[in-house]
Amino acid sequence: MINNTPIRPRETPVQSNEIVIIGGGIAGTSLAYHLTKLGKKDVVILERHALTSGTTWHAAGLIMQTRGTHALTEIAKYNAELYATLEAETGQATGFKQNGTLGVARTKDRLNETARSASVAKSFGLEAHMISPREARELYPAMDESVIEGAVYIPKDGQTNPIDTCMSLAAGAKQRGAKILEKTEVADLWRTQTGAYQLRTSHGVIEAEVLVLACGLWTRDLAAKLDVRVPLYAAEHFYVVTEPMDIVRPSLPVLRDTDGHVYIKEDAGKLLIGAFEPWGKALPMESLPKDSAFIELPEDWEHFELPMTKAIEIVPALQNAGIAKFFNGPESFTPDLLFMIGEVPGMKNLFVSSGYNSEGIEFGAGAGRALAEWIVTGAPQMDVSFIDVARYHPFQINKQYLRDRIPEVLGLHYKMHWPGHQPKTSRGVRKSPLHDRWAKLGASFGEGMGWERPMWFAGEGQPTENVYSYSEPNWFEHTAEECKAARSSAVLFDQSSFGKHLIQGRDACTFLQRLCAGNVDVPVGKLVYTHMLNEKGGIETDITVNRLKEAEFLIISSATVHPRDKAWITRHITDDCNVTLTDVTSAYAVLSLQGPKSRDILAKVTDADLSNETFPFATSKEIDVGYARVIANRLTYIGELGWELHVPSEMAQHVFDVLWGAGKEHGLKPAGYHALEHMRSERAYREYELDLTPVDTLLEAGLGFTIDWNKTGGFIGREATAKQKASMPLRKRLVAFKLKDPSPVLFREELIRRDGKIVGYISSGIKSFTLGSSIGLGYVNRDDGVTKEFVETGRWQIEIAGDLFDADASLQAFFDPAGERLGR
């Protein structure tokens, strides 16, 4: 998401409105409905044809509340809550019915994954019953139970009529003052010197204080008129509708056969069979009819053959069913299979709601509410960081990249959601200067924000393909060896993908002091682990700041949140602030040398004094390594003695070679990001997006020690954080857990129970090869406060796919809690 929008002269408008929404589908009408619910009346929807005529009209209308993560479920579950009462409120029928979802599993792996999702439902009080094949057939008599291993039944799920539901939302918005202008095409749009947006429509120029682009797969091209780049690409989406069938009754649950790539729903006495086939068909926008409503594309029975064959396997009666309709229509998809909402970076009051990946009806209600709250209050009121439009890197709007990625993304809807899964398409975009060296050492690469990163090492000449599993993926044996080497000798990581922003200018220190909760006004060469907070005290960034000079700071971010961090920092640079931000990520390769032998190895290739007295922890110095001059940071993310070396990119191969040569006698090994994740978890180091989000505070996360309460001028979020500190004990707190049984494996989202009661869920978990069993971090919630005594008493259990496992709980890390290994 980038922009370089020119300012254009203001024209005399035919009307001016506070909020203008372009797009009359589910995204636009849901947003208007919720904006008016929050008291906004000057809201206008512009639709170039008729409401729903883009892609909403041909949606399947499935309603599913439970998702694989708590964050997505929080958004999705609202659909049933809203649609159940919408008709009574607006007087407009919706066609909503809660006939339930029956999600079947053909394999034991799928059954395990399904049971994990069912556990998530329990956190929200949603009914989700794991049932046998026989019980599944009782709910769906036409189903062949021999095909499946089991199923989940969610009785409050169901289906709705997409057109009627959209009309009902529009009716609700109109009843509270919103206006809807159909047959109003936006031919051009621009920003004026006042910051307002003007739109040239078929009825004249309309001015908006706040503009929202919610026009489905057309959002990308319309946004481009503002030089805003939105990573969307269209794909064909298929379903067929049978002739009336005797096996169909109105109460049939929606049948989701994800192993078969199909969903089957009742449709007025017929069955609708839709597909998320393993590999979709990308659709260039240029191939769509121009200025057409209610677009239908040609049939493609060859492409639909696999899902239809699978549908017949699960419901044999379909073999002889007549087909009344084959439908093929366009849908828009994103490169990460998550929709996008939020304010466009660098464009105040320009918002996006798009990229629903063929799930607009399912997410439209929750997304509309979340975005309305954002617009009205000026900030998100829930965690939307994972769907924030600011999360994308500029390269991700490349059309060829999207065209190649989107067919795979469509298929991921119904494929197994394996831990550690890596995409196959659009790879090799960004490579470290050391990529070829890692490949020669047997690296298995994964992707993070386009970077090719070593995940694990198989060894020279050995196969590097991933074999996924919820119990023991094939990389475990190799990762275990990497962890062992890190704890006993030394390993070398490539952290070049980490984001690096250079903050410079006369006001750089004052600016960062205001943004950061910690004190960054430190001597040159001091490293500061700190965070930027929102006004509620929620954590927006998790960074390390290196003061290079009096007015020059280097900020290090995780690769996957680098664009969003940049957007957050940039948003706070005002016109009167003498500060510049430069992305220098590509300027430096980063080699992280970690482990008890790291000092011995580094000492062989530098003349710098590496002793604790001269080079203590959290110190940065420029030193010579071989023939190169590098920035050496005494840091660790695994809880060991170590240095992170920022090397000019053109010198990276040389520095690698001299380090690798020096490390041979000390048993130096290459290590990947799986090992990094396992060992940071052992030390209970937090990770953004998992353990830290905008709805978590530093006190709740156990990071209060990073706060400077007394620095001049305070910091954003201080008032809220101080208020929370004054109301101890905390009602929410991050706790470490260690399973007593060495066999089960934690990943994330598993439920935390104390004395049988659900009190939270695992935000990140791993199999600890050092400690011999799984460990994890998770927020525990309790109205009366999560005290040390509360954590250290009671019976703690972790629920994994419906099974309970006893665990120890601690407010400290289970590995080296005092951090003694860092100072060796």
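As the structure is a computational prediction, the values presented were derived from the model and not from experiment.

Chemist: Looking at this structure, I do not really get the overall build of the chain. What am I missing?
Modeler: Within the chain one finds 19 helices and 39 strands. For a compact globule of 824 residues, the expected C-alpha radius of gyration is about 28 Å, and the chain comes in at 27 Å, within 12% of that figure. Principal-axis analysis of the C-alpha atoms places the extent of the chain at approximately 80 × 70 × 55 Å. A buried classification covers 62% of the 824 residues belonging to the chain.

Chemist: When you look at the packing of aromatic side chains in this model, what are you seeing that I'm missing?
Modeler: Here the distance between the centres and the angle between the planes together describe a pair of aromatic rings. Applying the stated rule across the entire model yields 26 aromatic pairs. Between phenylalanine 615 and tryptophan 643, the ring centres sit 5.8 Å apart and the planes meet at 85 degrees, which makes this aromatic pair edge-to-face. Here the residue phenylalanine 615 occupies a position in the loop between helix 15 (598-603) and strand 30 (620-625), and tryptophan 643 occupies one in strand 32 (residues 642-648), the gap between them amounting to 28 residues. We classify phenylalanine 615 as buried; its relative accessible area is 0%.

Chemist: Can you help me understand the side chain of serine 353 in this one?
Modeler: Relative to the helices and strands, serine 353 resides in strand 19 (residues 350-354). Exposure remark for serine 353: the relative accessible area of 3% places this residue in the buried category. Reaching out from serine 353, the side chain makes a polar contact with the side chain of tyrosine 356 at a distance of 2.7 Å.

Chemist: Would you take a moment to explain the environment of aspartate 388 for this structure?
Modeler: By the secondary structure assignment, aspartate 388 is in the loop between helix 9 (360-377) and helix 10 (399-412). In this structure aspartate 388 comes out as buried when scored by relative accessible area, which is 4%. Along the primary structure aspartate 388 and glycine 103 are separated by 285 residues, whereas in three dimensions their C-alpha atoms are 29 Å apart. Among the polar contacts listed, one links the side chain of aspartate 388 to the backbone nitrogen of alanine 390, at a separation of 3.0 Å.

Chemist: What exactly am I supposed to notice about the sheet that holds strand 20 (residues 430-431) here?
Modeler: Two orientations exist for strands paired in a sheet by backbone hydrogen bonds: parallel and antiparallel. Here we have 3 strands laid out as an open sheet, ordered 20-22-21, and mixed in their pairing. Here the strands that pair on one side only, and so sit at the sheet edges, are strand 20 and strand 21 (443-448). As judged from the 2 bridges shared by strand 20 and strand 22 (residues 451-457), these two strands associate in the parallel manner. Within the sheet, the bridge partner assigned to lysine 431 lies in strand 22 and is glutamate 452.

Chemist: Whenever I open this one, the sheet that holds strand 25 (residues 527-533) confuses me. Can you help?
Modeler: With antiparallel pairing, the 5 strands of this open sheet are ordered in space as 25-26-27-24-28. Edge strands, defined here as strands with exactly one partner in the open sheet, are strand 25 and strand 28 (580-583). On average, each strand axis in the sheet is inclined to that of its neighbour by 30 degrees, with strand direction left out of account. The sheet contact formed by strand 24 (residues 499-504) and strand 27 (residues 552-557) spans 6 bridges and is antiparallel. Looking at the pairing, lysine 500 lines up with isoleucine 556 of strand 27.

Chemist: Would you take a moment to explain the environment of alanine 372 for this structure?
Modeler: With respect to the helices and strands, the residue alanine 372 is situated in helix 9. Take alanine 372: its relative accessible area is 0%, and that puts it in the buried class. Here the alpha-carbon distance between alanine 372 and tryptophan 418, two residues 46 residues apart in the chain, equals 33 Å. Excluding residues within four positions of it along the chain, alanine 372 makes contact with Leu31, His34, Leu35 and Leu38.

Chemist: Mind showing me how you'd approach the pairing of strand 14 (residues 262-267) here?
Modeler: Regular strands have side chains that alternate between both faces of the sheet. The buried count for strand 14 comes to 5 of 6 residues, which makes it a mostly enclosed element. With 3 bridges joining them, strand 13 (residues 254-257) and strand 14 adopt antiparallel strand pairing. Bridged to aspartate 257 within strand 14 is valine 262. The loop that links strand 13 with its antiparallel partner strand 14 comprises 4 residues; one of these, histidine 261, has a positive phi angle of about 70 degrees. Looking at chain direction, strand 14 and strand 15 (residues 270-275) are connected through 6 bridges and run antiparallel. Bridge pairing in strand 15 links lysine 265 to leucine 272.

Conventions and cut-offs
- Residues take numbers from 1 onward in each chain, read along the sequence in its written order.
- Per-residue local features of the predicted model are confined to residues with pLDDT of at least 70, and side-chain atom pairs are confined, for both listing and counting, to 80 or more; whole-chain, interface and lining totals are unaffected and use all residues.
- Side-chain measures here rest on the full set of heavy atoms in the structure, leaving out hydrogens and waters.
- Only DSSP runs of H or I with at least four residues qualify as helices, and only runs of E with at least two residues qualify as strands; both kinds are numbered from the N terminus onward.
- Radius of gyration here uses only the C-alpha atoms, and the compact-globule reference equals 2.2 Å multiplied by the residue count raised to the power 0.38.
- Accessibility here uses a 1.4 Å probe with only protein chains present; expressed as a share of the type maximum, an area under 20% marks a residue as buried, one over 50% as exposed, and anything in between as partly exposed.
- A pair of Phe, Tyr and Trp rings is counted when the ring centres sit within 6.5 Å of each other, with Trp represented by its six-membered ring. The angle between the planes then sorts it: under 30 degrees is stacked, over 60 is edge-to-face, the rest tilted.
- Think of a polar contact as two N or O atoms within 3.5 Å of one another; within protein, one of them needs to be a possible hydrogen donor and the other a possible acceptor, and neighboring residues in sequence only count if both atoms come from side chains.
- Strands were regarded as paired on the criterion that DSSP finds at least two bridges between them.
- Axes here refer to lines fitted to C-alpha atoms; in helices the fit is confined to the stretch in contact. Angles between the N-to-C directions go from 0 to 180 degrees.
- Contacts are assigned to residue pairs with any non-hydrogen atoms lying within 4.5 Å of each other.

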